[in-house]
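Analysis of the macromolecular model
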Amino acid sequence: MNPMEILMNRIMNSPQIENNPIAKNALQMYRNGDTQGLKNMAENMCSERGIPLEKAKEEVMKLFN
Amino acid sequence: MQMNNPYQQQNNFQYAPGYNAYQYNPWANVQRMQEQPQIQQQPPCINGKIVQDANSIVANDVPMDGSVALFPKSDLSEIYAKQWASDGKISTVVFKPIQNACADNSSQNEQNVKFGLSDDATTALDKKMDELLEKIEQLEKNIEKTSSTRSRSTVKKDGDA
């Protein structure tokens, strides 16, 4: 088991994540390499909050300069 | 010259109010227990607020920790239960009140609604009704025919006589 897996297991087993269906699902998808699922989730969350996708992408890209 | 007078010694240990370090106080334990801060378990709080209508609920009103937020309408005609689903959408369940007078007939009404809503049942019943109406019409025509033939035959018989 590599350190990344140990860290992931620790995050997954924390009560904050276990009781949060969104975070749990996101981590599960990240673990499985389901990028499309993660994208869909992000799009859904943006639409629920009324944030345009392009604006959200711009904000994320700003973080990486 | 000092005299060993026991009465003098007694005088040394005078009662000093406020200094009770070595005095036995039977209420001390009780007082200590009362002074300890009591850790009260807080009841689980309910997230949500009273809203005018469903459109006034925004995504920020729904907690992202997976718990359900309840939003009663101000006129109490509906209660919206909202929760973030695992796919990143907000799932909504609407609760509507049932009046006491209607509550008794609710099961009967449900059956009626189900019966009325099933299209197959209504079409089948319509067909059967149409068939029955056709048969009744045929029977009426047959009865009219037979009655007319009988009346003619009686008229002929009278004419022969």
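Coordinates for the structure precede this section.
Description of the structure in this document. Small disclaimer: the values here were computed from a predicted structure and weren't measured. (Residues numbered from 1 in each chain as written. Chains lettered and ligands numbered in written order. Predicted model: local features only at pLDDT ≥ 70, side-chain atom pairs only at ≥ 80, totals over all residues. Heavy atoms only, no water.)

What about the pattern of salt bridges?
All names here are of chain A. If you walk through the whole model with that rule in mind, you get four salt bridges over all chains. In this structure, the salt-bridge partner of Glu54 is Lys57, at a minimum N-O distance of 4.0 Å. Highlighted residues: Glu54 and Lys57, both in helix α5 (residues 53-63), separated by three residues, approximately one helical turn. Among the residues examined, Glu54 registers a relative accessible area of 52% and is labelled exposed. Across the pair Lys62 and Glu59 runs a salt bridge whose closest N-O atoms are separated by 3.5 Å. (Salt bridge = Lys/Arg side-chain N within 4 Å of Asp/Glu carboxyl O. Helix = DSSP H or I, 4+ residues; strand = E, 2+ residues; numbered from the N terminus. Buried < 20%, exposed > 50% of the residue type's maximum accessible area, 1.4 Å probe, protein only.)

Focus: the interface of chain A and chain B
Often, the extent of an interface is quoted as the loss of accessible area upon association of its parts. Counting residues at the interface gives eleven residues for chain A and twelve residues for chain B. Here chain A and chain B share an interface that buries about 1,100 Å² over both sides, 54% of which is from carbon and sulfur atoms. At the surface where chain A touches chain B, the tally comes to zero salt bridges. Here chain A is connected to chain B by six residue pairs in polar contact (both at pLDDT 80 or more). Elements with a minimum of two residues in the side of chain A that touches chain B: α3 (21-32) and α4 (35-49) of chain A. (Contact = heavy atoms within 4.5 Å. Buried area = accessible area lost by both parts, 1.4 Å probe. Polar contact = N/O pair within 3.5 Å; in protein donor to acceptor, adjacent residues only side chain to side chain.)

Regarding α4(A)
For α4(A), with 15 residues, the first-to-last C-alpha span of 21 Å sits near the 21 Å given by 1.5 Å per residue. For α4(A), the elements touching its buried residues are α3 and α5 of chain A together with β3 (79-84) of chain B. Among the residues trailing α4(A), Gly50(A) stands out with phi positive, at a value near 75 degrees. (Expected span 1.5 Å × (residues − 1).)

Remarks on the side chain of Lys82(B)
Along the polypeptide, Lys82(B) turns up in strand β3. Buried charged residue Lys82(B) carries no salt bridge. Nearest counter-charge: Glu48(A), at 6.6 Å. Looking at Lys82(B), its side chain comes within polar contact range of the side chain of Thr92(B), at 2.8 Å. Lys82(B) has contacts with Ile57(B), Val62(B), Ser67(B), Val68(B), Ala69(B), Phe71(B), Ile90(B), Ser91(B) and Thr92(B), leaving out every residue within four places of it along the chain. (Lys, Arg positive; Asp, Glu negative; His and termini not counted.)

A closer look at the sheet that holds strand β2 (residues 69-72) of chain B
Residue and element names in this part refer to chain B. A sheet is described by the order of its strands in space; here four strands give the open sequence β1-β2-β3-β4, paired in mixed fashion. The open sheet terminates on both sides in strands that have one partner only, identified here as β1 (47-48) and β4 (90-95). As judged from the six bridges shared by β3 and β4, these two strands associate in the antiparallel manner. Paired with Gln83 across the two strands is Ser91, which belongs to β4. (Pairing = 2+ DSSP bridges.)

Quick word on a negative patch on the surface
Taken together, the side chains of Asp126(B), Asp130(B), Glu131(B), Glu134(B), Glu137(B), Glu140(B) and Glu144(B) make up a negatively charged region of the molecular surface. Within the element layout of this structure, Asp130(B) appears in helix α5 (residues 119-160). (Patch = residues over 30% accessible without salt bridge, like charges linked within 9 Å, V, L, I, M, F, W, Y side chains within 5 Å. Areas by Shrake-Rupley, 256 points an atom, 1.4 Å probe, with all protein chains shown as cover. Charge placed at Lys NZ, Arg CZ, Asp CG, Glu CD.)

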